[in-house]
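# Observations on chain architecture
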Amino acid sequence: MNQRNYQKELDGILTALQAEAKTPRLFLHSCCAPCSSYVLEYLSRYFEITVYFYNPNIYPPEEYGKRVREEERLIAEMNFVHPVNMIAAPYRPEEFYNIARGLEKEPEGGRRCLKCYELRLREAARLAKEMGFDFFTTTLTISPLKKADKLNAAGEAAGREFGVAFLPSDFKKKNGYKRSTELSREYGLYRQDYCGCVYSMREREKMGDHDLNSHPV
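Residues numbered from 1 in each chain as written. Predicted model: local features only at pLDDT ≥ 70, side-chain atom pairs only at ≥ 80, totals over all residues. Heavy atoms only, no water.

Within the protein one finds 8 helices and 5 strands. Ordered by position in the sequence, the α and β elements of the protein form the string α-β-α-β-α-β-α-α-β-α-β-α-α. Over its C-alpha atoms the protein spans a radius of gyration of 16 Å, differing by no more than 12% from the 17 Å that the globule rule assigns to 217 residues. Along the longest, intermediate and shortest principal axes, the C-alpha atoms of the protein span 50 × 40 × 35 Å. Looking at the 217 residues of the protein, the share that counts as buried comes to 51%. (Helix = DSSP H or I, 4+ residues; strand = E, 2+ residues; numbered from the N terminus. Rg over C-alpha atoms; globule rule 2.2 N^0.38 Å. Buried < 20%, exposed > 50% of the residue type's maximum accessible area, 1.4 Å probe, protein only.)

Right, here's the structure in full:
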């Protein structure tokens, strides 16, 4: 089976959208400011964007607040072609622990992570449909540590469930990850050294002084 080229699929959609008179609206799930930086720079040329910060996996609560504030600051300071707004969901960690039950010992990138992707993308799809957006997607594919095929499959499934178009992506392509690190330095963004949940934090601690900061996740 040929592997899908999600960046090529995205290029085709963006080209088609440029021929339309109306600017479409995109509901963009964001995991953090560093990952969203390049995605916002890239996609604000084609969409009016609402960033949706919904990440009940993040631990501890102080970390959640810190990431929300950095996302808000980035949006306030960056210049965009079309408007960018933000919605920050209340901190509801029980939603993550419910789906993680029984999967606590899974390695990073395993079944627990897949359930976490599905949780966040389903909620993004539900709200995108409810609020009348043309598309929804996630910044998560910019991470070199996350598999684009798994994320796109979860997004497409959520889109079918709620009846809203999922925008395919592999944002690490076209030097997207490299550009995100440049923008992070330019805006002095806080770059976390673990994905977000207590399990990824514990794995980070086991690794000791390894340079995880080189990969925003």
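A few words on the layout of surface pockets. When its volume is computed, the second largest pocket comes out at roughly 160 Å³. Along its surface, the second largest pocket is lined by Gly109, Gly110, Arg111, Cys113, Leu114, Tyr117, Leu145, Lys146, Lys147 and Lys150. With 4 residues, the single largest contributor to the lining of the second largest pocket is helix H5 (residues 111-130). (1 Å grid on protein atoms, 1.4 Å probe; cavity = no way out; pocket = protein on both sides within 12 Å on 5 of 7 lines; lining within 4 Å. Points joined across faces, edges and corners; volume = space filled by probe spheres on them.)

Once that is clear, we can look at unusual backbone geometry. Omega for the peptide link from Tyr59 to Pro60 comes to -5 degrees, which places this bond in the cis form. When you line up the elements, Pro60 lands in the loop between strand E2 (48-53) and helix H3 (61-77). Although it is not a glycine, Lys174 sits at a positive phi angle of roughly 55 degrees. With respect to the helices, strands and loops of the structure, Lys174 is situated in the loop between strand E5 (165-166) and helix H7 (176-187).

Now for the pattern of salt bridges. Scanning all chains against the criterion turns up 17 salt bridges. The shortest N-O distance in the salt bridge between Arg4 and Glu9 comes to 2.8 Å. Look at Arg4 and you get partly exposed, because its relative accessible area is 37%. According to the relative accessible area criterion, Glu9 is partly exposed, its value standing at 28%. A salt bridge links Arg179 to Glu182, with the shortest nitrogen-to-oxygen separation between them at 3.3 Å. With a gap of 3 residues between them, Arg179 and Glu182 both fall in helix H7, about one helical turn apart. Each of the salt bridges in this network shares a partner with another, and the network as a whole consists of Glu41, Lys178, Arg179 and Glu182. (Salt bridge = Lys/Arg side-chain N within 4 Å of Asp/Glu carboxyl O.)

Strand order in the open sheet formed by 5 strands is E3-E2-E1-E4-E5, with parallel pairing between adjacent strands. Looking at the sheet topology across the chains shown, the edges are occupied by strand E3 (84-88) and E5. Pairing of strand E4 (residues 135-138) with E5 involves 2 bridges; the strand directions are parallel. Opposite Phe136, over in E5, you have Phe166 as the bridge partner. (Pairing = 2+ DSSP bridges.)

Here the focus is the packing of aromatic side chains. As enumerated under the stated definition, the model contains 12 aromatic pairs in all. Summarising the aromatic geometry, the rings of Phe27 and Tyr52 are spaced 5.0 Å apart at their centres and angled 25 degrees between planes, so their arrangement reads as stacked. Taken together, the residues Phe27 in strand E1 (residues 25-29) and Tyr52 in strand E2 connect sequence positions 25 residues apart. You can call Phe27 buried: its relative accessible area is 0%. Between Arg25 and the ring centre of Phe133, over which it is positioned, the NZ or CZ distance is 4.0 Å. Sitting over the face of the ring of Tyr190, Lys66 holds its NZ or CZ atom 4.1 Å from the ring centroid. (Phe/Tyr/Trp six-rings, centres within 6.5 Å; stacked < 30°, edge-to-face > 60°. Lys NZ or Arg CZ within 6 Å of the ring centre and 35° of its normal.)

This paragraph deals with the nonpolar core. Ranked by internal contacts, the top residues of the largest apolar core, which has 34 residues, are Leu43, Phe47 and Ile49. Sorting the residues of this core by element identifies helix H1 (6-18), E1, helix H2 (33-43), E2, H3, H5 and H7 as the ones contributing at least two each. With 7 residues, the top contributor of residues to this core is H2. Those residues in contact with Ile49, other than ones at most four positions away along the chain, are Leu26, Leu28, Leu40, Leu43, Ser44, Pro83, Val84 and Asn85. Residues Phe53, Val68, Ala154 and Ala158 belong to the second largest nonpolar core, which totals 20 residues. (Core = buried A, V, L, I, M, F, W, Y, C linked by side-chain atoms within 4.5 Å. Contact = heavy atoms within 4.5 Å.)

Just geometry here; none of it tells us what the structure is for.
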